[in-house]
Amino acid sequence: MRMIDPHAHMFSRTTDDYENMAVAGIECVVEPAFWLGLNRRYAETFFDYFNHITTFEPQRAAKRGIKHYCTIGCNPKETEDLKLFQDVLAGMPEYLDRDSAIGIGEIGLNDMTPNEETALIMQLELAKKRGCPVLIHSPHNNKLEGTLRILDILKEAGNDPELVDVDHCTEETIKHVKDRGYWSGITMYPRTKCTPQRARDMLERFGTDRMLINSSCDWEWSDPLAVPKCVRLMLMTGFSREEASRVAFENPRRFLSASPKFKLA
Ligand SMILES: [Zn+2]
C-alpha cells in the first residue's frame, strides 16, 4: 500500500530509518520545522536549519526513493522571545519559496502564553497570504483547552479549513476539529502518547474522513514506522484496504496537494 508520513522530523533520524520507511511502503514524508530540544539563540540558526531541511534532507531521502517535503515555521516552544521570533518570521519567505517547502508549520500553542498566541496569529496571517497548507501543533498538556483556543484563533484568523491540519489530536479533541472542518492529525508516539492501537481505535470511533496519521518521529522515543504499523493493524482488525489507504495515503495527498509544489508520481 502507498503511504505518506505527513509529520516526520527526519533531521533527527538516521539513513537506516529512511531505508526502513521506504521498505515498509512510505513513499513521501513531510518534515515540519520544529524545536531541536534546546532553544535557538539566533535567527540565523533557524535559517541554517531551514536551509538544511530544504536541501540536504530532500537529497538524503531521494537516495532511498522517498520524496521529501517540508514546512517552515516557528514552534510555540520558541516564540517566547518575540523579538527573535519576528526576525525569524521576516526571513521565512526565502525558504518558503523553495521547491520542497509546501507550507507553514509546525506552529501552534504549547503553554498558551500571550506571546505564543501573537506568534501563532502572525504565522497564520503569512499562511493566509501565501494560500499554503498549515500544520498546527496542539499542546500536550491541557489538550482540550489548548485545542479549543487554537480553533478560536483559527476561526478569527480566517484560514481556509481545507488548508489546516490540527495535529496531535486525541479522543477529546478530534470531534471539535472535524466539526469545524479542519483536518485532524493523530500522532503516534508509542511510548508516551499514542500507540498504533489507540490510533486505530480512534479511527474506528471517529471514521477515516478528514483524518491523518503520522509518526512525528524525532530525537525522542518515537517510531518512523508508526504509519505502516497502524495500517497493518487496521487491515488485521476489520478495516478495509480502502479505509486504510484513505488515512495513510489519499487524505494526506489531498491535504498536501493544496500546495501546487506537492507532486507524487
Ligand atoms: Zn512535530
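Residues numbered from 1 in each chain as written. Predicted model: local features only at pLDDT ≥ 70, side-chain atom pairs only at ≥ 80, totals over all residues. Heavy atoms only, no water.

1. What to know about the sheet that holds strand 7 (residues 183–187)
The line we're drawing: Between any two strands, at least two bridges found by DSSP are needed for them to pair. Working definition: helices are DSSP H or I runs of at least four residues, strands are E runs of at least two. Numbering for both runs from the N terminus. Think of each axis as a best-fit line through the C-alpha atoms, taken over the contacting stretch in the case of a helix, with angles from 0 to 180 degrees between the N-to-C directions. Every residue pair with non-hydrogen atoms within 4.5 Å of one another is taken to be in contact.
Taken together, eight strands build an open sheet; the order of strands is 1-2-3-4-5-6-7-8 and the sheet is parallel. Of all strands in the sheet, those with a lone pairing partner are strand 1 (3–5) and strand 8 (211–214), marking the two edges. Direction aside, neighbouring strands of the sheet carry axes that sit 25° apart on average. Bridge count for strand 5 (residues 134–137) against strand 6 (residues 164–167) is four bridges, and the pairing is parallel. Bridge pairing in strand 6 places Leu-135 opposite Asp-165. Lying on the sheet, helix 5 (residues 143–157) is in contact with strand 5 and strand 6; it crosses strand 6 at an angle near 165°.

2. Brief notes about the coordination of the zinc ion
The criterion, for reference: Atoms of type N, O and S within 2.8 Å of a metal are treated as its donors, and for Na, K and Ca the window is 3.2 Å; water is not considered, so some sites may appear to be missing partners. Relative accessible area decides the class of each residue, using a 1.4 Å probe on protein chains only: under 20% of the type maximum gives buried, over 50% gives exposed, and in between gives partly exposed.
Here the zinc ion is held by His-7 (NE2), His-9 (NE2) and Glu-106 (OE), and the distances to it run 2.0 to 2.2 Å. Read N to C, the donor residues that coordinate the zinc ion are spaced as H-x1-H-x96-E. In this pair, His-9 is assigned in the loop between strand 1 and helix 1 (15–24) and Glu-106 in strand 4 (residues 101–108), connecting sequence segments 97 residues apart. Per residue, the accessibility class of His-9 equals that of Glu-106, and both read buried.

3. Things to note about the nonpolar core
Spelled out, the test is: Here, nonpolar core means buried Ala, Val, Leu, Ile, Met, Phe, Trp, Tyr and Cys residues that are tied together by side-chain atoms lying within 4.5 Å of each other.
By size, the foremost hydrophobic cluster in this structure holds 69 residues, and its most contacted members are Phe-50 and Ile-136. When residues no more than four places from it in sequence are discounted, the contact partners of Phe-50 are Ala-33, Ile-72, Gly-73, Val-88, Met-92 and Tyr-95. Of all hydrophobic cores here, the second largest spans eleven residues; its members include Ile-4, Ile-102, Phe-249 and Phe-255.

4. A closer look at the pattern of salt bridges
Put simply, the test is: When a carboxyl oxygen of Asp or Glu lies within 4 Å of a side-chain nitrogen of Lys or Arg, that pair is called a salt bridge.
Under the criterion given, the structure shown has 18 salt bridges. Between Arg-64 and Glu-19 there is a salt bridge whose closest N-O contact spans 4.0 Å. You can see Arg-64 sitting in the loop between helix 2 (43–62) and strand 3 (67–72) and its partner Glu-19 sitting in helix 1, a full 45 residues away along the chain. Taking relative accessible area as the criterion, Glu-19 reaches 40% and is therefore assigned partly exposed. Between Arg-60 and Glu-57 there is a salt bridge whose closest N-O contact spans 3.1 Å. Of this pair, Arg-60 and Glu-57 both sit in helix 2, separated by three residues, roughly a single helical turn. Among the charged side chains, a network of salt bridges with common partners joins Glu-162, Arg-210 and Arg-254.

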